[in-house]
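Below are the chains, spelled out letter by letter.
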Amino acid sequence: MKNVSAIIWDFDGVLVDSEPFHIEAEFETARRFGIPLTMAVAKQYFGLKLEDYFRDVARRYGSDIDVDEMINEHYETLRRYYREVFPLVPYAIDVLGMLKGSFFMAVGTSREKELAMLALERFSLVRFFDTIVFGDEVKRGKPDPEIFLSAASRLGCTPEETVVVEDAESGFKAARDAGMRLIAREGAHNADSDFSMADFVVKDLREIPPLLMKNRDEKAI
């Protein structure tokens, strides 16, 4: 990719292989509150802020649900998962190490700071990034581009020289609406997603450094 100075990484589903576990935890919470959540419905909310997700689900399935209680219970489950359960996406540390120093790098995630930091610190990932923008630091979550625009601004880079690595359709739209290029990660959790907005689709993070390095001085995609 020509004239790329910065990479913004989504977190869940891109660096931390959490999505299958997230769905399991969401089903568990939903059952406790009498919500018949299905896989098809859950996938509609990939990449959204947890509060926005649960409030919308509660509206869909019953106005008498105590959403704040549901969110608080789910947070307790997620704290344990981020601290102990979620694994890294294969080769994440190797790839970040390859790219650090050649590009400015940020995380732009819908996940709340308290939760994301549990995994970021557990896997010693903070050292790879120049800045991190969390979901509770912005007014509008994905698919709004605010998270990515804020990250680019902190890096001192323009949208045109920034590429986003994402796995959720809400993040694809956010990246495109921000005016940034997009590398989509395809995995088992999102194989039926629409990847048409992506400049490149990868299944293995090790595909990313060659894409960035090889095309750096070639015609822009």
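The coordinates are above.
Enquirer: Explanation requested: unusual backbone geometry in the structure shown.
Expert: One can expect most non-glycine residues to show negative phi and most peptide bonds to be in trans. A cis amide bond links Lys 142 to the next residue, Pro 143, at an omega of 15 degrees. The backbone phi angle of Tyr 91 is positive, close to 70 degrees, even though this residue is not glycine. Relative to the helices and strands, Tyr 91 resides in the loop between helix H4 (67-85) and helix H5 (92-99). Positive phi, close to 55 degrees, is recorded for Ser 124, a residue that is not glycine. Relative to the helices and strands, Ser 124 resides in the loop between helix H6 (113-122) and strand S3 (131-133). Judged by relative accessible area, Ser 124 falls into the partly exposed class, the value being 40%.

Enquirer: What's the story with the environment of Ile 65 in this structure? I'm lost.
Expert: You can see Ile 65 is positioned in the loop between helix H3 (50-61) and H4. For the pair Ile 65 and Leu 118, spaced 53 residues apart in the sequence, the C-alpha separation amounts to 29 Å. Beyond its immediate sequence surroundings of up to four residues, Ile 65 is in contact with Phe 33, Ile 35, Ala 58 and Met 70.

Enquirer: In this structure, what is going on with the side chain of His 74? I would like to understand it.
Expert: Secondary-structure assignment places His 74 in helix H4. You can call His 74 buried: its relative accessible area is 0%.

Criteria and cut-off values
- Residues numbered from 1 in each chain as written.
- Predicted model: local features only at pLDDT ≥ 70, side-chain atom pairs only at ≥ 80, totals over all residues.
- Heavy atoms only, no water.
- Helix = DSSP H or I, 4+ residues; strand = E, 2+ residues; numbered from the N terminus.
- Buried < 20%, exposed > 50% of the residue type's maximum accessible area, 1.4 Å probe, protein only.
- Contact = heavy atoms within 4.5 Å.

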